[in-house]
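Given next are the chains, with one letter for each unit.
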Amino acid sequence: MKDQKILVVDDEKNIRLSLSQALAPLGWPVETAVNGEEALGKLDDQSILLIILDLRMPGMDGIEVLRRVSELRPDIRVIIVTAYGTVERAVEAMKLGAVDLIQKPFSPEQIRDLTQQVLARDQLNEDKAADYQTHLELAKKAVGERNFKGALSHAQKAIALDPYRAEAFNLVGCLHEVLHQREDAIKNYRMAYEADPSYAPARENLDRLTSHGGRGPISWESAGKQRKDDK
Amino acid sequence: MGICRQTTKRRQVNRVMAKSLFIVVVGCGRLGSLLANGLSGQGHSVVVIDRRAEAFDDLSAEFSGFKVVGDAVESETLRKARAADADCLIAAAEEDNVNLMVAQVAKDVFQVKWVIARVAEPARELAYRQLNIETVSPTSLAGDYVLRSLAQDK
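This write-up is about the structure you can find in this document.

Here the focus is the overall build of chain B. Along its length, chain B carries six helices and six strands. Written out in order from the N terminus, the α and β elements of chain B read α-β-α-β-β-α-β-α-β-α-β-α. Expressed as a percentage of its 154 residues, the buried residues of chain B come to 43%. At a minimum sequence separation of 6, the contacts of chain B that also span at least 24 residues come to 46%. Accessible surface, chain B as shown: approximately 8,600 Å² in total, 54% of it carbon and sulfur.

Time to look at the packing of aromatic side chains. In this structure the tally under the stated criterion is one aromatic pair over all chains. Consider the rings of Phe106 of chain A and Phe66 of chain B, whose centres lie 4.9 Å apart with planes at 75 degrees: the pair is edge-to-face. Of this pair, Phe106 of chain A sits in the loop between strand 5 (100-103) and helix 5 (108-120) while Phe66 of chain B sits in strand 3 (residues 66-69), placing the two residues on different chains. Take Phe106 of chain A and Phe66 of chain B: they sit in the same class, and that class is buried.

Any two packed helices are characterised by how steeply their axes cross, that is the angle between the axes, and by the distance between the axes. All names here are of chain A. In the contact formed by helix 8 (residues 166-178) and helix 10 (residues 200-210), the axes pass within 10 Å of each other and the chain directions differ by 35 degrees. Like other packed secondary-structure pairs, helix 8 and helix 10 cross with a definite hand, here left-handed. Judged by residue contacts, Asn170, Cys174 and Glu177 of helix 8 engage Pro201, Ala202, Asn205, Arg208 and Leu209 from helix 10. Looking at side-chain class alone, the contact of helix 8 with helix 10 contains four nonpolar, two polar and two charged residues.

Turning our eyes to something else, we now look at the packing of helix 8 of chain A against helix 9 (residues 182-195) of chain A. Residues and elements named next belong to chain A. Where helix 8 contacts helix 9, the axes come no closer than 8 Å and their chain directions differ by 165 degrees. With respect to helix 9, the element helix 8 is oriented roughly antiparallel. Where helix 8 crosses over helix 9, the handedness of that crossing is left-handed. Within the contact between the two elements, helix 8 uses Ala166, Phe169, Asn170, Val172, Gly173, Cys174, His176 and Glu177 and helix 9 uses Asp184, Ala185, Asn188, Tyr189, Met191, Ala192 and Ala195. Partitioned by chemical class, the residues of the contact of helix 8 with helix 9 number nine nonpolar, four polar and two charged.

Below, the discussion takes up the pairing of strand 3 of chain B. All names here are of chain B. Only one face of strand 3 is buried, namely the one carrying Phe66 and Val68, since none of Lys67 and Val69 on the opposite face is buried. Relative to strand 3, strand 2 (residues 45-50) runs parallel, the two being bridged by four bridges. Its bridge partner lying in strand 3, Ile49 is registered against Val68.

This part covers the side chain of Glu125 of chain B. Position of Glu125 of chain B among the secondary structure elements: in helix 5 (residues 125-130). The buried category is assigned to Glu125 of chain B, whose relative accessible area is 13%.

The next thing to look at is the pattern of salt bridges. Residues and elements named next belong to chain A. Under the criterion given, the structure shown has 22 salt bridges over all chains. The salt bridge involving Asp122 is made with Arg77; its shortest N-O contact spans 3.5 Å. Of this pair, Asp122 sits in the loop between helix 5 and helix 6 (132-144) while Arg77 sits in strand 4 (residues 77-82), and the two are 45 residues apart along the sequence. Among the residues examined, Asp122 registers a relative accessible area of 35% and is labelled partly exposed. Judged by its relative accessible area of 15%, Arg77 falls in the buried class. For Lys140, the salt bridge is made with Glu167, and the minimal N-O distance between the two is 3.5 Å. Taken together, the positions of Lys140 in helix 6 and Glu167 in helix 8 put the pair 27 residues apart, joining distant regions of the chain. Through salt bridges with shared partners, a single ionic network connects Lys5, Glu31, Glu38, Lys42 and Asp45.

On to the environment of Glu12 of chain A. Tracing the backbone through its elements, the reader meets Glu12 of chain A in the loop between strand 1 (5-9) and helix 1 (13-23). With relative accessibility at 26%, the residue Glu12 of chain A sits in the partly exposed group. Distance from Glu12 of chain A to Met57 of chain A, taken between C-alpha atoms, is 8.8 Å for residues 45 residues apart in sequence. Residues contacting Glu12 of chain A, with those up to four places away along its chain left out, are Lys104 of chain A together with Lys67 of chain B.

Here we come to the environment of Leu96 of chain A. All names here are of chain A. Here Leu96 lies in the loop between helix 4 (90-95) and strand 5. Accessibility expressed as a relative area gives 15% for Leu96, which makes it buried. Separated by 47 residues in the primary sequence, Leu96 and Val143 place their C-alpha atoms 8.5 Å from one another. Contacts of Leu96, omitting those with residues within four sequence positions, involve Ile63, Leu66, Arg67, Ser70 and Arg146.

Rules and cut-offs
- Residue numbers run consecutively from 1 along every chain, following the written order of its sequence.
- Think of it this way: whatever chain is written first is A, whatever ligand is written first is 1, and the rest follow in order.
- In view of the model being predicted, local features appear only for residues whose pLDDT reaches at least 70, and side-chain atom pairs are presented and counted only at 80 or more, with totals across whole chains, interfaces and linings using the full set of residues.
- To get the side-chain values, all heavy atoms of the structure are used, and hydrogens and water are removed first.
- Helix and strand assignments come from DSSP, with helices taken as H or I runs of at least 4 residues and strands as E runs of at least 2, each series counted from the N terminus.
- Remark: exposure states derive from per-residue accessible area (1.4 Å probe, protein chains only) relative to the maximum for the residue type, with buried under 20%, exposed over 50%, and partly exposed in between.
- We call two residues in contact when some of their heavy atoms are within 4.5 Å.
- Exposure was quantified through the Shrake-Rupley algorithm and a 1.4 Å probe, taking into account, for residues, occlusion by the shown protein chains and nothing else.
- Any two rings among Phe, Tyr and Trp, with Trp reduced to its six-membered ring, count as a pair given centres within 6.5 Å; such a pair is stacked if its planes are under 30 degrees apart, edge-to-face if over 60, and tilted if neither.
- An axis is simply a line fitted to the C-alpha atoms; with a helix, the fit covers only the stretch in contact. Between two such axes, the angle follows the N-to-C directions and lies from 0 to 180 degrees.
- Handedness of a crossing is defined here by the sense of rotation of the near helix relative to the far one, left-handed for an anticlockwise turn of less than a right angle and right-handed for a clockwise turn.
- Residues were grouped as follows: Ala, Val, Leu, Ile, Met, Phe, Trp, Tyr, Cys and Pro as nonpolar; Asp, Glu, Lys and Arg as charged; and all remaining residues, including Gly, as polar.
- Working definition: roughly parallel below 35 degrees, roughly antiparallel above 145 degrees, roughly perpendicular at 65 to 115 degrees, and oblique for all remaining angles.
- Here the rule is simple: two strands pair whenever DSSP picks up at least two bridges between them.
- The term salt bridge refers to a pairing of a side-chain nitrogen on Lys or Arg with a carboxyl oxygen on Asp or Glu at a separation within 4 Å.

Here you go:
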């Protein structure tokens, strides 16, 4: 067993169970909290490394919990759990440093892969970054540190390495939205869509910004939508 | 590089869990809830669909899967349940026609490799088989069981 812990915050018992069982083989002890208040009460525990947080909970909602976590323990990484098709408030989550989303229902393999991906980011070495995926991961790491300009720079390096993939363009689009640069966001979502029309998050983001007055939810890749060839 | 190490470890962990399947159960009635509880208890990843949220009350406290409220006849509901990623889909709704339709959509549209449909009316089993859908008929099973028990007692 490892020293550090993962905290699962969800009001639904079956999801807490499902996450605890899925994460067990990774070897990190898993703690659970049934709501935001209980989760915040556990933040004094210095061994918490990662929080898996449901955005939609009765009482204190996920974004509020995220805001408090980002104030009290900015070192903790957060994975956001959302219901299918509701990637609402993801731009707010990104502003608070949470870039990793997973949509319900997810398979145990997907949540394990995402957890390992998030935790491996801390060991990445910027000086040795040479490939698309590493730059993309460094961009996400920078978001976790609220360094949005740094994130933009890494995502743009990823694009330079492979302009035919959609993911980095989409991340650049999201980052421009965080930085209130709507036109640049649209431009990058469009580039992502052109690079890969089957990449759903870019299509959804483009639709959202170019219709309904641009006030819909933001769509960022979730583990459920990851390209199969990335595995 | 960090990513290479992570990939190797990921493969090792996933190999340990390789026997766990991703299963969608349509209908959370008596049969559906029994299957969902049992499969979840065996360590499989289960998504159960029902039109009524109250139907999920029949799931046990140990059920660790996902619940999706919706009509499985609509493909959006199957998409929500991530049917395209399922190793297996079990159509266990009350009505045979619903099960037939869901099973066909799962097989042809979502390309689920292993589809099992519950059929109440044994006469319909042949039609399902012609569509390459595995069936289970509680009526036939109960009938066969009784006939066999009586034959043994003679």
